[in-house]
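Geometric and topological summary
Residues per chain, in single letters:
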Amino acid sequence: MDKEIRKQIDQAVEQFREMLAEQYVRNERMAAGEEAGAAAGKMKTIIGLAPGDGIGPVIMDETKDVLEKLLADEIAEGKVELREITGFTLEERLAAGETVPENVLAQMEACDVILKGPTTTPNAAMGGKNLESANVFLRKKFDLFANVRPVKLPAEGIDWTFYRENTEGEYALGSRGIRLGSGAGEGLSVDFKVTTSEGTRRIAKAAFDFARANGKKRVSIVTKANIMKKTDGDFQSICLDVAKDYPEIETDTWFVDIMAANLVNKDIRSSFEVFVLPNLYGDIITDEAAQIQGGVGTAGSANIGTGMAMFEAIHGSALRMVADGIAHLANPASLMTAAVMMLRHIGLADKAAVLEAAVKKADEMLGAEMTGFQGGKTCREFADIVRSNI
Ligand code: IPM
Ligand code: MG
C-alpha cells in the first residue's frame, strides 16, 4: 500500500471518529428530549407551499387552487394562510450553491407545516456542486423522523400504512461516505448506515401508536437483520421491545426481500396493515406499494416531527416530462393526497375527508388515463373533477 493511501486511511479514520461522536451526541439529545419543540396551539395555521421543480409547479398550481376553494372560509376568517415559499427552484438552488438556501429555510421556519413539491437532487453535471437532496436535508434539519405513507386498494382489501424511519439508516451520513484510491477510478468506497436506540424507539412508538389509535391489529417490522446485524439487528430488537407495550397488537418480523415478494403475492398481501422499516427499505418498499396502488403518481407522504411537519408526493420531479413537453400530463393526485394528510394533521379532518373523497372520485373517473404519456389526460382535467366535487 503506498503512502498516499495510508494518508487517506488516516484521514478517513479521523472523519469516522467525528461522525461517530456526532451521531452519538444526536442520540443523547433525542433521549433528553431536546429535539425541536412541539408547535403550540396557534390561532392561525400557516401552510407553506413550496412547488419544487420539474412537474412540481404544475401539480402545485392545481393543488393550491383546490385548497383555496376548499379552505375559503378558514382563509377569510384568518385561521389559515396559504403562503408561497420562493427561491426554491433547481436553478435558484444551483445558483446559491446550497441544497436549501438560507432565505428559503427562513421562510419555511416561519410556517407551521409545509406542502412540498418534488425537488431534483443537483449533481455536478448540472453545472453546480454535488448537493445533498433537499428532501433529506429538510427531514434532518426539522427532525421529521416519521415518514408516513398510506397505500390503499379497496377493491383488493389493501389498506397499508408504512412508517418509514426518516432521519437515520443510510441517509444519516449518505453524502459523507469515504473513497480510497488513486483517483483514477481504482480503489474502494464505503458508506455508512446509522441506527440509534432513540431514533428507532420513536419511529416504532409512532407506528404502534397509530395502530392502536386506528384499530389496526398487526404491525410488521421489516429489516435485513440477518445480514446487517448491528444496525438492522438493533432496529428489529428495539421495535420488538416497544411492541411489548402494545400486547393487543400482533407483531411480526420480516426480511425486506421476502416482504418485497409478499407485496405482490395476492394471496397474503391484504393481511398486512402497518409496517415499520428503516429508511432505505422504506424508500424502496413504499415505491413498490405505491405502484400496486396505481403508480407513484397516486401516493402522498407525510414527514412528521415533534414540531414541524412536511407533506409531499412520494415521486420525484420527473424532469423527463418537462424536457418532453408533457409536464401538463402530470398526475396531481399525489400532492393532493399529501394535502389530505396535511389537513388531518392540522386538525381539519372534515376538510380532509372532502378532499379525499373528491380525489377518489377524480381517480375513479380519470385515474387509468393519467398515464403521464402523450395522449393521457391532463393535470388540469383531473383537478377540474376534484374542484367540482368540493
Ligand atoms: C422519497 C424520495 C427521496 C428519498 C429522494 C428524492 C431523496 O425517493 O421521498 O422516497 O430517497 O427519500
Ligand atoms: Mg423514494
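This is a predicted model, so every value here is computed, not measured.

1. A look at the domain arrangement of the protein chain
For the protein chain, the assigned domains read domain 1 (42-144 + 305-390) and domain 2 (146-298). Counting residues at the interface gives 14 residues for domain 1 and 19 residues for domain 2. Ranking the residues of domain 1 by area buried against domain 2 places Arg139, Lys140 and Ile314 at the top, with a combined share of 40%. Between Lys152 and Glu356 there is a salt bridge; the shortest N-O distance is 3.8 Å. Here domain 1 is connected to domain 2 by 6 residue pairs in polar contact (both at pLDDT 80 or more). Going through the elements one at a time, helix H6 (134-141) and helix H12 (333-345) are the ones with two or more residues in the side of domain 1 that touches domain 2. A total of 4 residues in the side of domain 1 that touches domain 2 trace back to one element, the largest contributor, which is H12. The residue inventory of the side of domain 1 that touches domain 2, partitioned by class, reads 5 nonpolar, 4 polar and 5 charged.

2. Section: the site of ligand 1
For ligand 1, the full set of nearby residues is Ser133, Asn135, Arg139, Arg149, Arg164, Tyr171 and Asp283. Within the contact set of ligand 1, an oxygen atom lies 2.6 Å away from a side-chain nitrogen or oxygen of Arg139. At 2.8 Å from an oxygen atom of ligand 1 is found a side-chain nitrogen or oxygen belonging to Arg164. For ligand 1, whose unbound accessible area comes to 320 Å², protein coverage reaches 79%. Among the residues making up the shell around ligand 1, the classes are represented as 1 nonpolar, 2 polar and 4 charged.

3. Describing the packing of aromatic side chains
The final tally for this structure, using the stated rule, is 8 aromatic pairs. Put simply, the rings of Trp160, Phe162, Trp254, Phe272 and Phe275 pair up and form one aromatic cluster. Cation over ring: Arg93 sits above Phe88, and NZ or CZ is 5.5 Å from the ring centre. For Arg164, the ring lying beneath its charged end belongs to Tyr171, and the centroid distance is 5.1 Å.

4. A look at empty space enclosed by the protein
Taking a probe equal in size to a water molecule and rolling it over the atoms shows the remaining empty space. All chains considered together, the criterion is met by 1 cavity of 30 Å³ or more. Surrounding the largest cavity, Glu165, Glu168, Gly169, Lys193, Val194, Thr195, Thr200, Phe235, Pro278 and Asn279 form its lining. The class makeup of the residues in the lining of the largest cavity is 3 nonpolar, 4 polar and 3 charged.

5. Focus on the pairing of strand S12 (residues 309-313)
Most of S12 is tucked away: 5 of the 5 residues are buried. Residues of S12 alternate between two faces, with Ala309, Phe311 and Ala313 on one and Met310 and Glu312 on the opposite face, all of them buried. Pairing between strand S3 (residues 113-116) and S12: 4 bridges, direction parallel. Bridge assignment links Val113 to a residue of S12, and that residue is Ala309. The pairing of strand S11 (residues 300-304) with S12 spans 5 bridges and is classified as antiparallel.

6. Let's talk about the environment of Asp159
Along the polypeptide, Asp159 turns up in strand S5 (residues 158-165). Remark: the alpha-carbon pair of Asp159 and Glu102, spanning 57 residues in sequence, is separated by 39 Å. With near-sequence residues (within four places) excluded, Asp159 lies in contact with Val151, Lys152, Lys216, Phe272 and Glu273. In this structure the side chain of Asp159 is engaged in a polar contact, spanning 3.3 Å, whose partner is the side chain of Lys216.

7. Things to note about H6
In an α-helix there are 3.6 residues to a turn, and that puts residues three or four apart on one side. When H6 is considered as a whole, its buried residues turn out to be Ala134, Asn135, Val136, Leu138 and Arg139. Measuring from the backbone nitrogen of Asn135 back to the side-chain oxygen at the start of H6 gives 3.2 Å, which picks out Ser133 as the cap. Asp143 sits one or two positions beyond H6 and adopts a positive phi of about 50 degrees.

8. A few points about unusual backbone geometry
Even without being a glycine, Asp143 presents a positive backbone phi close to 50 degrees. Secondary-structure assignment places Asp143 in the loop between H6 and strand S4 (146-153). If you check the backbone angles, Ala318 has positive phi at about 50 degrees while not being a glycine. With respect to the helices and strands, Ala318 occurs in the loop between S12 and helix H11 (319-323).

9. Topic: the sheet that holds strand S10 (residues 274-277)
Spatial ordering of the open sheet is given by S2-S1-S3-S12-S11-S4-S5-S10-S8-S9, a layout of 10 strands whose pairing is mixed. Unpaired on one side and paired on the other, strand S2 (80-84) and strand S9 (250-255) mark the two borders of the sheet. The sheet shows a mean angle of 20 degrees between the axes of neighbouring strands, taken without regard to direction. The sheet contact formed by S5 and S10 spans 4 bridges and is parallel. Across the sheet, Tyr163 pairs through a bridge with Val276, a residue of S10. Packing against the sheet, H12 makes contact with strand S1 (45-50), S3, S4, S11 and S12, and its axis sits at approximately 160 degrees to S12.

10. Here we look at the side chain of Gln236
For Gln236, the position within the fold is in helix H8 (residues 231-243). Once you skip the residues sitting within four places of it in the chain, Gln236 turns out to touch Ile221, Thr223, Ala225 and Thr253.

11. Considering the pattern of salt bridges
Charged atoms that come close allow side chains of opposite charge to pair. All chains considered together, the criterion is met by 35 salt bridges. When the shortest N-O distance is used, the salt bridge between Glu364 and Lys360 registers 3.4 Å. Placement of the pair is Glu364 and Lys360 together in helix H13 (residues 349-366), with a separation of 4 residues, close to one helical turn. Connected through shared salt-bridge partners, Glu62, Asp65, Arg380, Asp384 and Arg387 make up one network.

Conventions and cut-offs
- Residues numbered from 1 in each chain as written.
- Chains lettered and ligands numbered in written order.
- Predicted model: local features only at pLDDT ≥ 70, side-chain atom pairs only at ≥ 80, totals over all residues.
- Heavy atoms only, no water.
- Domains from an automatic or database assignment.
- Contact = heavy atoms within 4.5 Å.
- Buried area = accessible area lost by both parts, 1.4 Å probe.
- Salt bridge = Lys/Arg side-chain N within 4 Å of Asp/Glu carboxyl O.
- Polar contact = N/O pair within 3.5 Å; in protein donor to acceptor, adjacent residues only side chain to side chain.
- Helix = DSSP H or I, 4+ residues; strand = E, 2+ residues; numbered from the N terminus.
- Nonpolar A, V, L, I, M, F, W, Y, C, P; charged D, E, K, R; others polar.
- Near = heavy atom within 4 Å.
- Areas by Shrake-Rupley, 256 points an atom, 1.4 Å probe, with all protein chains shown as cover.
- Phe/Tyr/Trp six-rings, centres within 6.5 Å; stacked < 30°, edge-to-face > 60°.
- Lys NZ or Arg CZ within 6 Å of the ring centre and 35° of its normal.
- 1 Å grid on protein atoms, 1.4 Å probe; cavity = no way out; pocket = protein on both sides within 12 Å on 5 of 7 lines; lining within 4 Å.
- Points joined across faces, edges and corners; volume = space filled by probe spheres on them.
- Buried < 20%, exposed > 50% of the residue type's maximum accessible area, 1.4 Å probe, protein only.
- Pairing = 2+ DSSP bridges.
- Axes fitted to C-alpha atoms, helices over the stretch in contact; angles between N-to-C directions.

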